[in-house]
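For reference, the chains in residue letters:
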Amino acid sequence: MIKNLAKTYDPKSFEDRIYEEWESKGAFRAERDPSKESFCIVMPPPNITGQLHMGHALDQTLQDVLTRFKRLQGYSALWLPGSDHASIATEVKVVEKIRADEGLEKEDLGREEFLNRAWEWKRVYGGKITKQCRKLGDSCDWERERFTMDEGCNKAVRHFFVQLYNKGLIYRGNRLINWCPECGTSLSDAEVEHEDKTGSYWYFRYPGVDGSEGVVVATSRPETMFGDVAIAVHPSDERYKDMVGKKVILPIVGKEIPIIADPYPDPEKGTGAVKITPAHDENDFMVGQRNDLPSPCCINEDATMNELAGKYQGMDRYECRKEWVKDLDEAGYLVKTEEMVIPAGTCYRCHTVVEPMLSDQWFVKMEDLAKPAMEAAKSGDLRHVPERFEKTYMHWLEEIRDWCISRQLWWGHRIPAWYCQDCGEIIVAEDTPTTCTKCGSSNLKQDEDVLDTWFSSALWPFSTLGWPEETEDLKYFYPTNVLVTGYDIIFFWVVRMVFSALETTGSVPFHDVYVHGLVRDAQGRKMSKSLGNGIDPLEVIDQYGADALRFMLTTGITPGNDMRFKEDRLESARNFANKLWNASRFVIMNLQDENGDFLPMLECCDECCGSACCNDAALKQDIRDEDKWILSRVNDAAKYITEAMERYDLALAGQRAYDLIWNEFCDWYIEIVKERLYGDDEEDKKVARYILVRVLKSVLTLLHPFMPFITEEIWSYLPQPEADADNPDNFLIKGQWPQYSDAFTFPEETEKLEMAMSIIRSIRNIRAEAEAAPSKKLTAVILCGEGREDVVKAGERYIKKLANITEITFISDKKEVPEETMSAVVDGAEVFIPLDDIMDYEAELDRLQKEKKRLEGEVKRVTGKLSNEGFVSKAPEKVVEEERAKKVKYEEMLSKVIERLAIVEAKVK
């Protein structure tokens, strides 16, 4: 009984099974092999709160394509997976669960019990997304899976913190930070999203202490006026020259504040005078530092007003704003209001407007760390693909400020700093201290805050390989080769990994940063819950299969650019898989006898399996032109795809694989070779079977990184060599990537086949134009171009078979062309098909008469319209011109139809 693929392509029947086989038999395992070059990608760790979305699907498919490609090339390829603890997001989830299930807050449980609940939540839900990754086909080394809060990563985080602290690069200070009132924690600059919002600028008069009019100041945040400590004007602003040093009164509050000179105010903006509130604005804070001003805070951490706000104490900041402006207006201090576009910073997690707030926090000094990271890009040691994203990277580093790394949360890496409760000494250490290093007291208390999630993520490329220990994995796989990431987190993550790696290991963490865009909906909109336009990759996989989704994603995107998710492209990808499936069934069916045993092939070795090892043997055999042509096309594709993959043009690589399989292998070679498989020449059958297997194996390998499941399933039905130690299960995933060889170019045979194909396509086009059925037998006259006669004639048998031509007359003089033919020109030849052969004159006469009637109606309609003076005088000139153009077009078409009709009528008579 013949063993073959199922009749119908159904990815559900084999995708999960194949993945389980790969994983259970160690197909993803990366070994440290001194004889092989290493290739390593670390997976950008998805949050444990996350669920696979289309952005993950794109990001991970790109990584998997590169990993599978390098594995097939013979590299020891490690794709290292893991997940991120995601401090803010996870803590919010756990707090919500406790609140919903028990009606308690985290403070009711206490820190230790809350962390127990968080770890339990991670155990139950944390692995969900990695299970979903398997549905995509991710070929990660799951035995090396890491978590940003596992023991090894925690050790790395503490080591890095202490290292920076001891070098004076980490410090604790009272500085202005970004505060999220909803999440209840500080945020780094990178965690603040900036957007423009329509808002108001209120102009208020601050009266002079001396009874003068005082100064008018504009502000978009009047609720911060309770924290005002000065009015600043530019030293060169003549309007205020005599007022510097005098005092004004904070309206209603009655507090006296000075007018100071400082370079910060812009005389061209507003009134040129600026209120200074150091505790609630970064620029004001700097002015305060320069002028030794106090920094009173008037807003609480929950965004309510504090005691400085007087009667407004306890109000939400926006409620206070409304009432405060109303009271100032009624008291006569509001001069005017302007509506303007105002930039606002929001929390990247909950999108609450961030409140600048003065706070004691831990910071990383960035100036010295940023310089080597910039130099790495300038020197080419770190390369961005596409190159334009280097500007984003450099801009962020050039403008970078000290990084606030402390977060007021419980879930995360707790800051390794302890405070002596007796002498106030701060002890920073990797291991928990028992006594104060200054006074010897054992009364120590650890800092309550945790580190920014990105602090641990910054160490990901090397902490996952064992750093700070000098592990064998670190020696072999580090630095990694490429980071695949979206352009939206270049400054969040990429920058931090680079400067952290350079500081700790002395080398960049990866040499290439492959930047991709976002997956948008069909209308080009960003996918979001609010728009309801998100698409679940798992639902797509259930309907179309993982291979179709992967192929659609990789061939639909170019480096750095967004892509649109379109259903028709998914359909096209599935149709491609179906085409490959059916073609492979045909090949497999013709390789076996009725008992399911493989039939003999070209005798290149004792047990020929059609593998690449048979190169030399194949060249020595008497193989036909079409065999050499398809081998040359595979050879050319191998070179093109390899080069495209190496430069990260995965879409071009995938498209070339598509063209090779659909057009050249399926539509041409298989159709040509069928008659040989069904013929009586047993020796030629062996050659045909060999070439079919060899080419099918090659195209499956070239396609495997993009569509791993279907290629592995088909591969399992093909004859295989004896298993070896590197690939004991004869998996395609661990096969050999096709290599380009000059010996397989075959230029003469390729020219012959390409000429025949051009002629066949031209005849098919003539058939379509004449509406002649493919089954209708025709004769053809072919005029050979100068010096091309041999090439043209060499394709005679292909032309006859595939264009259904019974007889071909080759001519060298155009005078020999018969009258009344339909013709087409190809490079090196002209093709003529006699009308008497191709035309059904009765049917053509009927068609032309109907077309003549239709066109006469169109001419009459448009002529009548243009004869209507009302239409011509009142309609827009553009519309009138369009109708005139239609009239000319229809009249020309009618003239041609009448001319053609006369010829056909004569034939019918």
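Just above, that's the structure.
Just so you know, these numbers come straight off a predicted model, no measurement behind them.

Some thoughts on the sheet that holds strand 27 (residues 805-811)
Strand order in the open sheet formed by 4 strands is 27-26-29-28, with mixed pairing between adjacent strands. Edge strands, defined here as strands with exactly one partner in the open sheet, are strand 27 and strand 28 (821-826). Neighbouring strand axes in the sheet, compared pairwise and without regard to direction, differ in orientation by 20 degrees on average. In the packing of helix 24 (residues 747-770) onto the sheet, contacts are made with strand 26 (778-784), strand 27, strand 28 and strand 29 (829-834), and the angle to strand 28 comes to roughly 145 degrees. Sheet strands touched by helix 26 (residues 796-803): strand 26 and strand 27. Its angle to strand 27, the strand with the most contacts, is close to 140 degrees.

Looking at unusual backbone geometry
Here Trp467 and Pro468 are connected by a cis peptide whose omega angle stands at 15 degrees. Topologically, Pro468 is positioned in the loop between helix 13 (460-463) and helix 14 (472-477). Looking along the chain, the bond that leaves Tyr478 and enters Pro479 is cis, with omega of 0 degrees. Along the polypeptide, Pro479 turns up in the loop between helix 14 and strand 22 (480-486). Non-glycine residue Ile252 carries a positive phi angle of around 65 degrees. Within the secondary structure, Ile252 sits in the loop between strand 10 (247-249) and strand 11 (256-261).

Points about a negative patch on the surface
Taken together, the side chains of Glu301, Asp302, Asp316 and Glu319 present a region of like negative charge at the surface. Relative to the elements of secondary structure, Glu319 occurs in helix 9 (residues 317-330).

A few points about the packing of helix 21 (residues 650-677) against helix 26
In contact at an axis separation of 11 Å, helix 21 and helix 26 are set at 95 degrees when each is read in the N-to-C sense. Put simply, helix 21 runs roughly perpendicular to helix 26. Contacts from Trp668, Glu671, Ile672 and Glu675 in helix 21 reach Arg797, Tyr798, Lys801 and Leu802 in helix 26. Of the residues assigned to the contact of helix 21 with helix 26, the class counts are 4 nonpolar, no polar and 4 charged.

With respect to empty space enclosed by the protein
Taken as a whole, this structure holds 1 cavity of 30 Å³ or more when the rule is applied. Looking at the largest cavity, its volume works out to about 40 Å³. In terms of lining, the largest cavity is formed by Ser87, Ile88, Glu191, Tyr348, Arg407, Leu409, Asp452 and Thr453. Residues of the lining of the largest cavity, tallied by class, amount to 3 nonpolar, 2 polar and 3 charged.

Considerations on the pairing of strand 8 (residues 215-219)
Here strand 8 shows a clear split, with Val215, Val217 and Thr219 buried on one side and none of Val216 and Ala218 buried on the other. Examined bridge by bridge, strand 7 (residues 192-206) and strand 8 share 5 bridges and lie antiparallel to one another. The partner of Phe204 across the bridge, within strand 8, is Val217.

Quick look at the pattern of salt bridges
For the structure on display, the rule yields 71 salt bridges. Residue Arg321 is joined to Glu223 by a salt bridge in which the shortest nitrogen-to-oxygen separation is 2.8 Å. Note that Arg321 is positioned in helix 9 and Glu223 in the loop between strand 8 and strand 9 (230-233), a separation of 98 residues in sequence. Considered together, Arg321 and Glu223 belong to a single accessibility category, that of buried residues. Notably, a salt bridge pairs Glu626 with Arg797, separated by 2.5 Å at the nearest N-O pair. Taken together, the positions of Glu626 in helix 20 (residues 625-646) and Arg797 in helix 26 put the pair 171 residues apart, joining distant regions of the chain.

Thoughts on the environment of Leu502
Here Leu502 lies in helix 15 (residues 490-504). Residues Leu502 and Phe709, 207 residues apart in the sequence, show an inter-C-alpha distance of 39 Å. Every residue in contact with Leu502, bar those within four places of it in the chain, is listed here: Pro372, Ala373, Ala376, Ser507 and Val508.

Section: the packing of aromatic side chains
For the structure on display, the rule yields 34 aromatic pairs. For the pair Phe226 and Trp324, a centre-to-centre distance of 4.5 Å together with 40 degrees between the ring planes defines the contact as tilted. Taken together, the residues Phe226 in the loop between strand 8 and strand 9 and Trp324 in helix 9 connect sequence positions 98 residues apart. Residue Trp324 is classed as buried on the basis of its relative accessible area of 0%. Ring pairs connect the aromatic residues Phe160, Phe161, Tyr165, Trp362, Trp403, Phe455 and Phe499, which therefore count as one cluster.

Examining the nonpolar core
Ranked by internal contacts, the top residues of the largest apolar core, which has 150 residues, are Leu549, Ile799 and Ile838. If one sorts the elements of this core by residue count, helix 21 sits on top with 14 residues.

Regarding the packing of helix 18 (residues 567-589) against helix 23 (residues 708-715)
One way to put it is that helix 18 packs onto helix 23 with a least axis distance of 11 Å and a crossing angle of 5 degrees. One element, helix 18, and the other, helix 23, form an angle in the roughly parallel class. Residues Ala577, Leu580, Trp581, Ser584 and Ile588 of helix 18 lie in contact with helix 23, whose contacting residues are Ile710, Glu713 and Ile714. Of the residues in the contact of helix 18 with helix 23, the class split is 6 nonpolar, 1 polar and 1 charged.

Some details on the side chain of Asp447
You can see Asp447 is positioned in the loop between strand 20 (444-446) and strand 21 (450-451). A polar contact of 2.4 Å, which involves the side chain of Asp447, links it to the side chain of Tyr419. A polar contact of 2.9 Å, which involves the side chain of Asp447, links it to the backbone nitrogen of Asp449. Beyond its immediate chain neighbours, meaning those up to four positions away, Asp447 contacts Arg172, Trp362, Arg414, Ile415, Ala417 and Tyr419.

Things to note about the environment of Thr67
Structurally, Thr67 is set in helix 2 (residues 54-72). Look at Thr67 and you get buried, because its relative accessible area is 0%. Considering only alpha carbons, one finds Thr67 and Phe28, 39 residues apart in sequence, at a separation of 9.8 Å. Beyond its immediate chain neighbours, meaning those up to four positions away, Thr67 contacts Phe39, Ile41, Ala77, Trp79 and Ser139.

Examining the pairing of strand 1 (residues 38-42)
Burial runs high along strand 1: 5 of the 5 residues are buried. The side-chain alternation of strand 1 yields two buried faces, one formed by Ser38, Cys40 and Val42 and the other by Phe39 and Ile41.

Some words on the state of the cysteines
Overall, the coordinates contain 0 disulfides when judged by the stated rule. Left unpaired, Cys133 is separated from the closest cysteine sulfur, that of Cys140, by 6.5 Å. Here Cys180 is not cross-linked by a disulfide; its sulfur's nearest cysteine counterpart is in Cys350, at 3.4 Å. A residue is classified by how much of its surface remains accessible, and Cys180, at 0% relative accessible area, is buried.

Conventions adopted
Residues numbered from 1 in each chain as written. Predicted model: local features only at pLDDT ≥ 70, side-chain atom pairs only at ≥ 80, totals over all residues. Heavy atoms only, no water. Pairing = 2+ DSSP bridges. Helix = DSSP H or I, 4+ residues; strand = E, 2+ residues; numbered from the N terminus. Axes fitted to C-alpha atoms, helices over the stretch in contact; angles between N-to-C directions. Contact = heavy atoms within 4.5 Å. Patch = residues over 30% accessible without salt bridge, like charges linked within 9 Å, V, L, I, M, F, W, Y side chains within 5 Å. Areas by Shrake-Rupley, 256 points an atom, 1.4 Å probe, with all protein chains shown as cover. Salt bridge = Lys/Arg side-chain N within 4 Å of Asp/Glu carboxyl O. Lys, Arg positive; Asp, Glu negative; His and termini not counted. Charge placed at Lys NZ, Arg CZ, Asp CG, Glu CD. Parallel < 35°, antiparallel > 145°, perpendicular 65-115°, else oblique. Nonpolar A, V, L, I, M, F, W, Y, C, P; charged D, E, K, R; others polar. 1 Å grid on protein atoms, 1.4 Å probe; cavity = no way out; pocket = protein on both sides within 12 Å on 5 of 7 lines; lining within 4 Å. Points joined across faces, edges and corners; volume = space filled by probe spheres on them. Buried < 20%, exposed > 50% of the residue type's maximum accessible area, 1.4 Å probe, protein only. Phe/Tyr/Trp six-rings, centres within 6.5 Å; stacked < 30°, edge-to-face > 60°. Core = buried A, V, L, I, M, F, W, Y, C linked by side-chain atoms within 4.5 Å. Polar contact = N/O pair within 3.5 Å; in protein donor to acceptor, adjacent residues only side chain to side chain. Disulfide = S-S within 2.5 Å.

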